[in-house]
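Okay, here's what each chain looks like letter by letter:
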Amino acid sequence: MLVATWNVNSVVARLPRLLDWLRETAPDVLCLQETKVVNDGFPSAQVAELGYQVAAHGDGRWNGVAILSRVGLADVAEELPGDPGYPTADVLEARSIAATCGPLRIRSVYVPNGREPGHDHYAYKLAWLSALRSAVSAEVATADGPFAVMGDFNIAPTDDDVFDPAFYATFTHVTPPERAALAALRELGLHDVMPRALKHDTPFTYWDYRAGMFHKNMGMRIDLVYGNQSFADAVEDAYVDRNARKGTGPSDHAPVVVKVAI
DNA sequence: ATGTCCACAACATGTGGA
């Protein structure tokens with residue numbers, strides 16, 4: 001199986017590139033983030049022509065996640081129990097969706113950005129990650145086969161995952177509490193599936209649109225694949241498809257593609 | 001050598017978010 005995750009920064013704006021990429025790469029399962037569209041606006045018919053079923057969970061203007069599968073799609077869960085909501089507990093954002101795709105249980109996540117350390121949104125990010133840990137803990141405990149949670153975590157696990165730690169020193173994505181939240185996920189028995197880079201030896205997955213950062217390779221690895229033991233044992237290859245970040249009208253993220261013997 | 005994009009409201013361009 002080929003499994004992938006990609007923050008597309010609007011599935012509508014990215015549709016031509018998404019369809020081209022699906023034809024070229026032909027993943028069996030693709031997790032999307034930042035679809036930025038309500039479910040009725042999701043281009044389901046276009047991806048269906050390529051053989052994919054869709055489970056979408058969208059807000060509209062912001063956020064939005066989805067799972068595309070051509071190996072079956074069942075037991076879809078859009079709720080995240082314990083979701084703290086933002087700015088208040090009654091406002092839940094579309095940041096997580098889970099489904100069973102053939103033999104694989106999968107969760108696509110778009111972790112809150114956090115904006116800046118100390119901001120309300122930063123506290124929300126940590127609370128949201130705590131809720132995610134609880135949900136994933138239950139999934140890991142009940143999974144009798146391969147399980148993976150993947151998506152845009154908006155956290156670089158280590159200093160090696162950013163082009164220059166000093167550049168990000170005062171920003172979110174690298175603070176100890178955020179990294180501790182990732183470690184808490186791994187403590188559930190999940191493995192960080194490290195992709196190889198197609199260039200530069202740095203498997204970054206995100207480069208800001210501004211100031212030519214992609215061309216200077218000033219990026220971060222914040223799109224992650226965390227798999228349980230069964231999933232990790234089956235990994236044959238993993239890479240960041242930086243080619244999808246090139247050219248006209250790219251997302252600011254590149255897909256992470258994982259080949260698993262499942 | 002240089003370097004942002006997206007959606008929305010509204011209908012020009014400002015705004016918020018990333």
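Residues numbered from 1 in each chain as written. Chains lettered and ligands numbered in written order. Predicted model: local features only at pLDDT ≥ 70, side-chain atom pairs only at ≥ 80, totals over all residues. Heavy atoms only, no water.

Colleague: Where do I start with the overall build of chain A in this structure?
Modeller: A count of helices and strands for chain A gives five helices and 12 strands. By the compact-globule yardstick of 18 Å for 262 residues, chain A fits well, its C-alpha radius of gyration being 17 Å. Projected onto its principal axes, the C-alpha coordinates of chain A cover approximately 45 × 40 × 35 Å. Buried positions account for 56% of the 262 residues belonging to chain A. Taking all contacts inside chain A whose residues are at least 6 apart in sequence as the whole, residues at least 24 apart take part in 72%. Total accessible area on chain A is roughly 10,700 Å²; 51% of this is exposed by carbon and sulfur atoms. (Helix = DSSP H or I, 4+ residues; strand = E, 2+ residues; numbered from the N terminus. Rg over C-alpha atoms; globule rule 2.2 N^0.38 Å. Buried < 20%, exposed > 50% of the residue type's maximum accessible area, 1.4 Å probe, protein only. Contact = heavy atoms within 4.5 Å. Areas by Shrake-Rupley, 256 points an atom, 1.4 Å probe, with all protein chains shown as cover.)

Colleague: What is the right way to look at the pairing of strand β7 (residues 104-110) in this model?
Modeller: One face of the sheet, then the other: side chains in a regular strand alternate in exactly this way. Counting buried positions along β7 gives six out of seven residues, so the element sits mostly inside the fold. Pairing geometry for strand β6 (residues 96-101) and β7, over six bridges, is antiparallel. Paired with A98 across the strands is R107, a residue of β7. Counted between consecutive antiparallel strands, the loop separating β6 from β7 contains two residues, among which G102 sits at a positive phi close to 60°. Bridging between β7 and strand β8 (residues 147-152) involves six bridges; their strand directions are parallel. Bridge assignment links V109 to a residue of β8, and that residue is G151. (Pairing = 2+ DSSP bridges.)

Colleague: What is the right way to read the protein's contact with DNA strand B from this model?
Modeller: Every one of the 15 residues lining DNA strand B counts as a neighbour, but S10, R61, R115, Y209 and H215 are closest to it. Counting only the atoms of DNA strand B within 4 Å of the protein, the fraction contributed by sugar and phosphate is 55%. Measuring from a phosphate oxygen of DNA strand B, one finds a side-chain N or O atom of S10 at 2.3 Å. In this structure, Y209 approaches DNA strand B through a main-chain N or O atom, which is 3.1 Å from a sugar or linking oxygen. Residue classes in the surface near DNA strand B are distributed as five nonpolar, six polar and four charged. (Near = heavy atom within 4 Å. Polar contact = N/O pair within 3.5 Å; in protein donor to acceptor, adjacent residues only side chain to side chain. Nonpolar A, V, L, I, M, F, W, Y, C, P; charged D, E, K, R; others polar.)

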